[in-house]
Amino acid sequence: MLFAGVTHPPAVELAERLLASAPWPGGRVFYSDNGSTAVEVALKMAYQAWCHRGEPKRQLFVGFENGYHGDTFGAMAAGRDPLFFGRFEPLLFRTLKVPVCAERLAAVLKEHRGQVAGVILEPLVQGAGGMRMYSPAELREIFAVAREHGVFFIADEGNDRMRANRVALGV
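Quick caveat, the model's predicted, so the values are computed rather than measured.

1. Considerations on the overall build of the protein chain
Piece 1. When you go through the protein chain residue by residue, the secondary structure sums to 6 helices and 7 strands.
Piece 2. Counting from the amino terminus, helix and strand elements in the protein chain follow one another as α-α-β-α-α-β-α-β-β-β-α-β-β.
Piece 3. Put simply, the protein chain has 171 residues, and 43% of those count as buried.
Piece 4. Pairs at least 24 residues apart make up 62% of the contacts formed inside the protein chain by residues separated by at least 6 positions.
Piece 5. Entry remark: accessible area of the protein chain is about 9,600 Å², with carbon and sulfur atoms responsible for 57%.

2. Re unusual backbone geometry
Piece 1. At Asn66, a residue that is not glycine, the phi angle is positive and equals roughly 70 degrees.
Piece 2. Mapped onto the elements of the fold, Asn66 is located in the loop between strand 1 (60-64) and helix 3 (73-79).

3. Structural notes on the pattern of salt bridges
Piece 1. The final tally for this structure, using the stated rule, is 3 salt bridges.
Piece 2. The shortest N-O distance in the salt bridge between Glu89 and Arg80 comes to 2.8 Å.
Piece 3. When its relative accessible area of 37% is taken as the criterion, Glu89 is described as partly exposed.
Piece 4. Judged by its relative accessible area of 15%, Arg80 falls in the buried class.

4. Focus: the side chain of Arg80
Piece 1. Relative to the elements of secondary structure, Arg80 occurs in the loop between helix 3 and helix 4 (82-85).
Piece 2. Reaching out from Arg80, the side chain makes a polar contact with the side chain of Glu89 at a distance of 2.8 Å.
Piece 3. Every residue in contact with Arg80, bar those within four places of it in the chain, is listed here: Glu89, Leu92, Phe93, Arg94, Thr95 and Lys97.

5. Quick look at the side chain of His149
Piece 1. By the element assignment, His149 lies in the loop between helix 6 (136-148) and strand 6 (152-159).
Piece 2. Under the relative-accessibility criterion, His149 is labelled buried at 17%.
Piece 3. Beyond its immediate sequence surroundings of up to four residues, His149 is in contact with Ala106, Leu109, Lys110 and Arg113.

6. Notes on the packing of aromatic side chains
Piece 1. Summed over all chains, the structure comprises 5 aromatic pairs.
Piece 2. The interplanar angle of 70 degrees and the centroid separation of 5.6 Å between the aromatic rings of Trp50 and Phe152 together place this pair among those described as edge-to-face. Of this pair, Trp50 sits in helix 2 (residues 35-52) while Phe152 sits in strand 6, and the two are 102 residues apart along the sequence.
Piece 3. A residue is classified by how much of its surface remains accessible, and Trp50, at 4% relative accessible area, is buried.
Piece 4. For the pair Tyr68 and Phe85, a centre-to-centre distance of 5.8 Å together with 20 degrees between the ring planes defines the contact as stacked. Here Tyr68 is found in the loop between strand 1 and helix 3, whereas its partner Phe85 is found in helix 4, with 17 residues between them in sequence.
Piece 5. Here the basic side chain of Arg53 rests over the ring of Trp50, its NZ or CZ set 5.0 Å away from the ring centre.
Piece 6. Lying over the aromatic face of Trp50, Arg58 brings its terminal NZ or CZ to 4.0 Å of the ring centre.

7. What to know about the pairing of strand 3 (residues 116-121)
Piece 1. Judged by how many residues are buried, strand 3 sits mostly within the fold: 6 of 6 residues are covered.
Piece 2. With 3 bridges connecting them, strand 1 and strand 3 associate as parallel partners. Its bridge partner being in strand 3, Phe61 is matched across the sheet by Gly118.

8. Notes on the nonpolar core
Piece 1. Core analysis: the largest hydrophobic core is formed by 23 residues, its most contacted members being Val62, Leu105, Leu109, Val119 and Phe153.
Piece 2. At the level of secondary structure, the elements contributing two or more residues to this core comprise strand 1, strand 2 (95-98), helix 5 (102-111), strand 3, helix 6 and strand 6.
Piece 3. Those residues in contact with Leu109, other than ones at most four positions away along the chain, are Val62, Val116, Val119, Val145, Ala146, His149 and Val151.
Piece 4. If you look at the next biggest cluster of nonpolar residues, it comprises 13 residues, including Ala46, Trp50, Ala78 and Ala117.

The rules behind the values
- Residues numbered from 1 in each chain as written.
- Predicted model: local features only at pLDDT ≥ 70, side-chain atom pairs only at ≥ 80, totals over all residues.
- Heavy atoms only, no water.
- Helix = DSSP H or I, 4+ residues; strand = E, 2+ residues; numbered from the N terminus.
- Buried < 20%, exposed > 50% of the residue type's maximum accessible area, 1.4 Å probe, protein only.
- Contact = heavy atoms within 4.5 Å.
- Areas by Shrake-Rupley, 256 points an atom, 1.4 Å probe, with all protein chains shown as cover.
- Salt bridge = Lys/Arg side-chain N within 4 Å of Asp/Glu carboxyl O.
- Polar contact = N/O pair within 3.5 Å; in protein donor to acceptor, adjacent residues only side chain to side chain.
- Phe/Tyr/Trp six-rings, centres within 6.5 Å; stacked < 30°, edge-to-face > 60°.
- Lys NZ or Arg CZ within 6 Å of the ring centre and 35° of its normal.
- Pairing = 2+ DSSP bridges.
- Core = buried A, V, L, I, M, F, W, Y, C linked by side-chain atoms within 4.5 Å.

Quick look at the structure:
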């Protein structure tokens, strides 16, 4: 589904509901026909925003261990699963992976200050990564760390049953 600059009331209503359901304030909704494309667009939007702000060297993304974001090249780079994507490693851009832990994320963002464009994770459940779950409190802490360090936060949520994907991009 591509709106190409045109929208309609149900799409706006759905976007407002999605944003209201997030455990953080603000954000944007981008509609896409699949999760990988939504992730790809969010990664590009984060990098492009830094370019517009005069910081084109912010090319590093931080993902979480056991994360899976899809099969496009950006999504593969963010997830970096060697089982699924090891063959493509030479073609993937540089990313860092940390455990799902706000403190570990804070340490990485401090160490790589001025280099990180964004943080990407699957909120609450890492589906393809083994159905690993973490608490809403941990999700809020991770978002707070990203905000504190001034980097974009990308929440990649996919629901195959509904064929709906949501990527929230907020700073």
